[in-house]
Amino acid sequence: LIDRQVDTYTPLIDHFEAQLELLGDQIFHTNPRRGEEERLLNDILTAKSSSLRLSRILTPQRELLYKLSHNNYSAVPAEARIYFQDAYDHLARLSDLSNSMRDLSSSTIETHLALVNNRINETMKVLTMISTIFIPLSFIAGVYGMNFTFMPEIDKPWAYPLVWLSFILIGGSMVYFFRKRGWL
């Protein structure tokens, strides 16, 4: 009975390992949709919870089989210990696999979160560059948007095109500088 019970864990762990590998592959998709991102994180957290539960089930069983196979209990005949030893060996291997699944699920979560943070950092970098380009333009527009009665440029017909030219030159030179540095 014990050997049959231990053998039923093998397909379960194999299926679980395949699911974890599939989740590990899915986290490297370049642009997951919003709902997929949340579903993927939920699946990874569920896998981690399942691996912890599996470890909590297998470890006490492994310890019990170890005691039955290595100690001299009067209720366990010496010739039966070899069967307990075989079941213990299988269960020890499965318990080690469940612990490695737990580690794999933890590293999958860490990798997923690192990838999400990298995508967020790229978005923040682009938004920062756009803000940096528009700050001096907003300053110039703010100064020329004030209602002063005496501004020397107001009476000049070339003042308005000069302001637009300065907008284009400042914005263009900042974009050029950022692209040359590889920031944008």
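The preceding data block contains the structure.
Because the structure is predicted, anything quoted here is derived from the model rather than measured. Per chain, residue numbering runs from 1 following the sequence as it is written. The predicted nature of this model means local features are confined to residues of pLDDT at least 70 and side-chain atom pairs, given and counted, to a pLDDT of 80 or more, with totals for whole chains, interfaces and linings taken over all residues. Water and hydrogen atoms were dropped before computing side-chain values, which therefore reflect all heavy atoms in the structure.

Colleague: An account of the overall build of the protein chain is needed here, citing residue identities and associated values.
Modeller: Looking only at helices and strands, the protein chain features 4 helices and 0 strands. Each helix and strand of the protein chain, placed in order from N terminus to C terminus, yields the pattern α-α-α-α. A radius of gyration in this sense is built from C-alpha atoms; the matching globule rule multiplies 2.2 Å by the number of residues raised to 0.38. For 184 residues, the compact-globule estimate of 2.2 N^0.38 gives 16 Å, and the C-alpha radius of gyration of the protein chain, at 33 Å, exceeds that figure by more than 25%. By residue count, 26% of the 184 residues in the protein chain fall in the buried class. Here, two residues are considered to be in contact whenever any of their heavy atoms come within 4.5 Å of each other. For the protein chain, contacts bridging at least 24 residues in sequence account for 74% of all contacts bridging at least 6. For helices the rule is a DSSP run of H or I covering at least 4 residues; for strands it is a run of E covering at least 2, with both sets numbered from the N terminus onward. For every residue, the accessible area (1.4 Å probe, protein chains only) is compared with the maximum for its type, and the residue is labelled buried under 20%, exposed over 50%, or partly exposed between those bounds.

Colleague: Hey, could you go over the packing of helix α3 (residues 78-144) against helix α4 (residues 159-181) for me, with residue numbers and the actual values?
Modeller: Running from N to C, α3 and α4 point in directions that differ by 165 degrees, and their axes come no closer than 10 Å. Between α3 and α4, the angle is such that the two are roughly antiparallel. Crossing angle aside, the handedness with which α3 passes α4 is right-handed. Between α3 and α4, the residues in contact are M129, T132, I133, P136, L137, I140, A141 and Y144 and V163, S166, F167, I170, G171, M174, V175 and F178, respectively. Residues were grouped as follows: Ala, Val, Leu, Ile, Met, Phe, Trp, Tyr, Cys and Pro as nonpolar; Asp, Glu, Lys and Arg as charged; and all remaining residues, including Gly, as polar. When its residues are assigned to classes, the contact of α3 with α4 shows 13 nonpolar, 3 polar and no charged. To define axes, lines are fitted to C-alpha atoms, for helices over the stretch in contact only, and angles between the resulting N-to-C directions are given on a 0 to 180 degree scale. Oblique is the label for every angle not falling under 35 degrees (roughly parallel), over 145 degrees (roughly antiparallel), or within 65 to 115 degrees (roughly perpendicular). For any pair of crossing helices, the crossing counts as left-handed if the nearer helix is rotated counterclockwise from the farther one by less than a right angle, and right-handed if it is rotated clockwise.

Colleague: If you had to explain the packing of aromatic side chains to someone new, which residues and values would you point to?
Modeller: Note on aromatic pairs: the rings of Phe, Tyr and Trp (six-membered ring only in Trp) are paired at centre separations within 6.5 Å, and the planes decide the class, stacked below 30 degrees, edge-to-face beyond 60, tilted for the rest. Enumeration according to the criterion identifies 3 aromatic pairs in this entry. Summarising the aromatic geometry, the rings of F177 and F178 are spaced 5.9 Å apart at their centres and angled 55 degrees between planes, so their arrangement reads as tilted. On the basis of relative accessibility, which here comes to 39%, the residue F177 falls in the partly exposed class. Overall, F178 belongs to the buried group, its relative accessible area being 6%.

Colleague: Can you lay out the pattern of salt bridges for me, pointing to particular residues and giving the numbers?
Modeller: Only one rule defines a salt bridge in this text: a Lys or Arg side-chain nitrogen within 4 Å of an Asp or Glu carboxyl oxygen. Counted by the stated rule, this structure contains 2 salt bridges. The salt bridge involving R39 is made with D43; its shortest N-O contact spans 2.7 Å. A residue pair is termed a helical-turn pair when its members lie 3 or 4 positions apart in one helix, as R39 and D43 do in helix α2 (residues 34-70) at 4 residues. The exposure class of R39 is partly exposed, given its relative accessible area of 40%. The partner of R62 in a salt bridge is D96, and the shortest N-O contact between them spans 3.8 Å. Taken as a pair, R62 in helix α2 and D96 in helix α3 lie far apart in primary sequence, 34 residues in all. Note on R62: relative accessible area 21%, which makes it partly exposed. When its relative accessible area of 47% is taken as the criterion, D96 is described as partly exposed.

Colleague: Can you tell me about α2, naming the residues and giving the values?
Modeller: By this rule the span expected of a helix is its residue count minus one, scaled by 1.5 Å. When the terminal C-alpha atoms of α2 are compared, their 54 Å separation across 37 residues agrees well with the 54 Å that a helix rising 1.5 Å per residue should span. Buried positions along α2 lie against α1 (2-26) and α3.

Spatial relationships are all this shows, so hold off on functional conclusions.
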